[in-house]
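Tertiary structure, described
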Amino acid sequence: MRVVVIGATGNVGVRVVEALGRRDEVREIVGVARRRPGPQAPKTRWVTADIREADLVSLLRGADAVVHLAWMIQPGHDERVTSSTNVDGSRRVAEAVIEAGVPALVYASSIGTYAPGPKRPVNESWPATGIPSSFYSRHKAAVERLLADLAATHPEVRIVALRPGLIFQRGAASEIRRLFLGKLFPPAAANRRLLPILPLPRGFAVQAVHAEDVAEAYALAVTSDARGAFNVAADPVLDPSTLASALDAKHVPVPAALVRAAAAATFRLHLQPSEPGWVDLALQTPLMATDRIRALGWSPRHTATDALRELLDGIRDRAGTSTAPLHPAGAGR
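A few points on the structure. The structure presented is a predicted model; accordingly, all values stated were derived computationally and were not measured.

1. Structural notes on the sheet that holds strand E12 (residues 234–238)
Sheet architecture is open: three strands sit in the order E8-E10-E12, paired in mixed fashion. Either end of the sheet is taken by a strand with one partner, and the two such strands are strand E8 (166–168) and E12. Strand-to-strand twist in this sheet, taken as the mean axis angle between neighbours without regard to direction, amounts to 35°. Bridging between E8 and strand E10 (residues 206–210) involves three bridges; their strand directions are parallel. Bridging from a neighbouring strand, Ile-167 pairs with Val-209 of E10. Helix-sheet contacts for helix H6 (residues 211–223) involve E8 and E10, and the interaxial angle to E10 is about 80°.

Written out as structure tokens, the structure is:
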């Protein structure tokens, strides 16, 4: 198999390239990124391209599968920029897959594509219409609608949408700090021994998965005959009591409205980069059942709490990797 991985140098991409490189059926990987990485990877040829403007048809022609991971989280204050990659760029990828005659497309969706729901496990049939107040969620839902139309008009193309929870690993610590916490957040504050209290709303509950484990889900999606959507998350659910236990902290309940107001005010003042829609995602998205991906043979090696601890320790240590998005010095180094 010849597999093209678009967005191959980010949090998930570096792990997907590794996972595919271990598969005997994969003979060549084309890693696509806006900034070419320094290190080489087994079976991998690197191509520099921006999905907003590159000749994607030529790039994808001859591929047996495309893994589309490219996505923009920032600038959160300018949705025109993020949408140009997330929605318009994804549309260009999908159209190029059809024109180039690629038989399989695996897309990086998210738990964020789901409509508001209960904090109990739901399967992949839950409406994927997003959380209206979150641009991230709106974009994920828009791309899933695009792919649903594609699947209906081009049934010859095998389309898979993986919907993972939060994706953590030590190597992405510096990137996650920049994207979600901002430069004003001191890395030392992520020291688990310095977190005596955990102020969270009672209804807070999220799911997470280690990047290494989600990469294995992508490798399965590429090399199997899977079609459709798959939830991907590890146990346990990260609710206030589980988080407090994992971090040796005491949960102090706070009103959800207060948390959202604080997020909105600090975002508006450019004190931190995360729009308040991220709070809505944590409070409104349902929990995901993962029976379908496990039926393919997927099983996580890391618990959600272990992945979280690894991330926090990485933020404290200013950890990262050598690719531009994950480098401790920042993507613009």
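2. Considering the packing of helix H3 (residues 79–100) against helix H4 (residues 135–153)
Closest axis-to-axis distance for the H3/H4 pair is 10 Å, and the angle between their directions is 15°. With respect to H4, the axis of H3 lies roughly parallel. Seen along the crossing, H3 lies across H4 with a hand that is right-handed. Note on element contacts: H4 touches H3 through Phe-135, Arg-138, His-139, Ala-142, Val-143, Leu-146, Leu-147 and Leu-150, opposite Glu-79, Thr-82, Ser-83, Asn-86, Val-87, Ser-90, Arg-91, Ala-94 and Ile-98. Residues of the contact of H3 with H4, tallied by class, amount to nine nonpolar, five polar and three charged.

3. Examining a nonpolar patch on the surface
Nonpolar side chains collect at one region of the surface, where Leu-184, Leu-269 and Leu-271 lie side by side and expose about 330 Å² of accessible area between them. By the secondary structure assignment, Leu-269 is in the loop between helix H8 (256–268) and helix H9 (277–284).

4. Here's the deal with the nonpolar core
In terms of nonpolar packing, the biggest core is built from 36 residues, with Ile-6, Leu-60, Val-66 and Leu-147 touching the most fellow members. Broken down by secondary-structure element, the contributors of at least two residues to this core are strand E1 (2–6), strand E2 (28–33), helix H2 (56–60), H3, strand E5 (104–108), H4, strand E7 (158–164) and H9. Look past the residues within four positions of Val-66 in its chain and what remains in contact with it is Val-4, Ile-6, Leu-60, Val-93, Val-97, Val-102, Ala-104, Leu-105 and Val-106. Among the nonpolar cores identified, the runner-up in size contains 35 residues, and Leu-20, Ile-167, Tyr-218 and Leu-220 belong to it.

5. Focus: H3
Taking 1.5 Å of rise per residue, 22 residues should cover 32 Å, and H3 covers 30 Å from first to last C-alpha, within 8% of that figure. Within H3, the axis deviates most sharply at Gly-89, by approximately 30°. Where H3 is buried, its residues touch E1, H2, strand E4 (65–68), E5 and H4. Positive backbone phi, at 75°, marks Gly-101, one or two positions downstream of H3.

6. Overview of the side chain of Thr-44
Tracing the chain through its elements places Thr-44 in strand E3 (residues 44–48). Look at Thr-44 and you get buried, because its relative accessible area is 12%. Separated by 3.0 Å, the side chain of Thr-44 and the backbone oxygen of Pro-42 make a polar contact. Residues within four places of Thr-44 in sequence aside, it is in contact with Val-17, Ile-29 and Gly-31.

Basis of the calculations
- Residues numbered from 1 in each chain as written.
- Predicted model: local features only at pLDDT ≥ 70, side-chain atom pairs only at ≥ 80, totals over all residues.
- Heavy atoms only, no water.
- Pairing = 2+ DSSP bridges.
- Helix = DSSP H or I, 4+ residues; strand = E, 2+ residues; numbered from the N terminus.
- Axes fitted to C-alpha atoms, helices over the stretch in contact; angles between N-to-C directions.
- Contact = heavy atoms within 4.5 Å.
- Parallel < 35°, antiparallel > 145°, perpendicular 65-115°, else oblique.
- Left-handed = near helix turned anticlockwise from the far one by under 90°.
- Nonpolar A, V, L, I, M, F, W, Y, C, P; charged D, E, K, R; others polar.
- Patch = residues over 30% accessible without salt bridge, like charges linked within 9 Å, V, L, I, M, F, W, Y side chains within 5 Å.
- Areas by Shrake-Rupley, 256 points an atom, 1.4 Å probe, with all protein chains shown as cover.
- Salt bridge = Lys/Arg side-chain N within 4 Å of Asp/Glu carboxyl O.
- Core = buried A, V, L, I, M, F, W, Y, C linked by side-chain atoms within 4.5 Å.
- Buried < 20%, exposed > 50% of the residue type's maximum accessible area, 1.4 Å probe, protein only.
- Expected span 1.5 Å × (residues − 1).
- Bend = angle between axes of the 7 residues up to and from the residue.
- Polar contact = N/O pair within 3.5 Å; in protein donor to acceptor, adjacent residues only side chain to side chain.

From the geometry alone we can't say anything about function, so treat these as descriptive.
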